[in-house]
Amino acid sequence: MLKKKILGAMLVGILSCTAVGFAEGTRCNGYPHAHRSQIYQYENCLQGDGEIYRGGDRKQMEVKNTLETKGEIVAIGEDGLVTVKGEGDYEIISLRIAKASKHVDNCGGGKATQIYDTNGKKLSAKKLKVGMKVDCYYEARVTRSYPGQANAKAIIVKNEESEYRTTLLKVSKVEQFDDKNYVTIEASNNELIASIDKKAYKDYNQIVEDDEVLVWYGIMTMSLPPRTGAAKAIVL
């Protein structure tokens, strides 16, 4: 009997601490931010209606901060959510298009969603239409709803006539060649080595390790690892 009372008291204590953690969480990007749970090791971000952004366990969060889906826009809601169905980390995902903000937090706030086509032309959110083929890059925090919802980092509209393609590189090494005015970057998530100059990205010499760089490229070498010169690049 005594053991049951002790176990019952411990359970009540755990539930109480969890409730307090969610109630006292700081706010980020307009949503209350929950404390990390020692049980699930999730870094969560609660939306006003109680939905939970889930990014996986702590190890996953450190390795992959950006998820990717390549497919077709199947719906655009009145609330601005762009739903994409295809292949990738999520087969179907609804994306929020963010505007730039002076407030930067650890839930993805502050940076505007980058929207371009495969020619490197910048587009507005109004240009997105149902039926477009797109490559989408978005926050690892995704709601538990179906389809899941996430903040979009970048959306690339595919142009079949374009000579370029895009890829996301998680920078693991940067080599600077000041005399030649370019840098080469190696990535932890891709074998491709890319050279980036001022024409491709004006702040090329400020790229550092752990940056996520979206690269437009055309021809690449047949070497191992393959190499290419970026026609355009942006840091997410």
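Not measured: the values here are computed from a predicted model. (Residues numbered from 1 in each chain as written. Predicted model: local features only at pLDDT ≥ 70, side-chain atom pairs only at ≥ 80, totals over all residues. Heavy atoms only, no water.)

Engineer: Whenever I open this one, the side chain of Thr228 confuses me. Can you help?
Structural biologist: Along the chain, Thr228 turns up in strand β15 (residues 227-235). On the accessibility criterion, Thr228 (5% relative accessible area) is buried. A distance of 2.8 Å separates a polar atom in the side chain of Thr228 from the backbone oxygen of Ile219. Residues in contact with Thr228, not counting those within four places in the same chain, are Leu192, Ile193, Ala194, Ser195, Tyr217, Gly218, Ile219 and Met220. (Helix = DSSP H or I, 4+ residues; strand = E, 2+ residues; numbered from the N terminus. Buried < 20%, exposed > 50% of the residue type's maximum accessible area, 1.4 Å probe, protein only. Polar contact = N/O pair within 3.5 Å; in protein donor to acceptor, adjacent residues only side chain to side chain. Contact = heavy atoms within 4.5 Å.)

Engineer: Even after reading the chapter, I still don't get the environment of Pro226, so can you show me in this structure?
Structural biologist: With respect to the secondary-structure elements, Pro226 resides in the loop between β14 (212-220) and β15. Looking at Pro226, the relative accessible area reads 14%, which means it is buried. Residue contacts for Pro226: discarding those within four places in its chain leaves Glu191, Leu192, Ile193, Met220 and Thr221.

Engineer: Explain the side chain of Ser162 to me, please; I cannot follow it from the model alone.
Structural biologist: Examined against the element boundaries, Ser162 turns out to sit in the loop between β10 (148-157) and β11 (165-177). Among the polar contacts listed, one links the side chain of Ser162 to the side chain of Asn119, at a separation of 2.9 Å. Those residues in contact with Ser162, other than ones at most four positions away along the chain, are Thr118 and Asn119.

Engineer: Can you walk me through the pairing of β10 in this structure?
Structural biologist: Two faces, one strand: in a regular strand the side chains alternate between the faces of the sheet. Taking burial as the measure, the 10 residues of β10 include 10 buried ones, the bulk of the element. Where strand β7 (residues 92-96) lies against β10, four bridges are found, and the strand directions are parallel. Bridge pairing links Ile93 to Gly148 in β10. The pairing of strand β8 (residues 114-117) with β10 spans four bridges and is parallel. Its bridge partner lying in β10, Tyr116 is registered against Ile156. (Pairing = 2+ DSSP bridges.)

Engineer: Just to check I follow, could you spell out the nonpolar core for this structure?
Structural biologist: Nonpolar side chains in soluble globular proteins generally cluster together in the buried interior. Counting residues in each nonpolar core, the largest one holds 18 residues, and the members touching the most others are Val84, Leu95 and Tyr138. When residues of this core are traced back to their parent elements, those giving at least two are β5 (66-76), β6 (82-88), β7, β9 (133-139) and β10. Ranked by residues supplied to this core, first place goes to β10 with four residues. With near-sequence residues (within four places) excluded, Val84 lies in contact with Thr69, Gly71, Glu72, Ile73, Glu91, Ile92, Ile93, Leu95, Val134 and Cys136. (Core = buried A, V, L, I, M, F, W, Y, C linked by side-chain atoms within 4.5 Å.)

Engineer: Mind showing me how you'd approach the environment of Trp216 here?
Structural biologist: Note on placement: Trp216 falls in strand β14. Exposure remark for Trp216: the relative accessible area of 1% places this residue in the buried category. Trp216 sits 15 residues away from Ala231 along the chain, and the two C-alpha atoms are 5.5 Å apart. Engagement of the side chain of Trp216 in a polar contact is seen with the backbone oxygen of Asp117, the distance being 3.1 Å.

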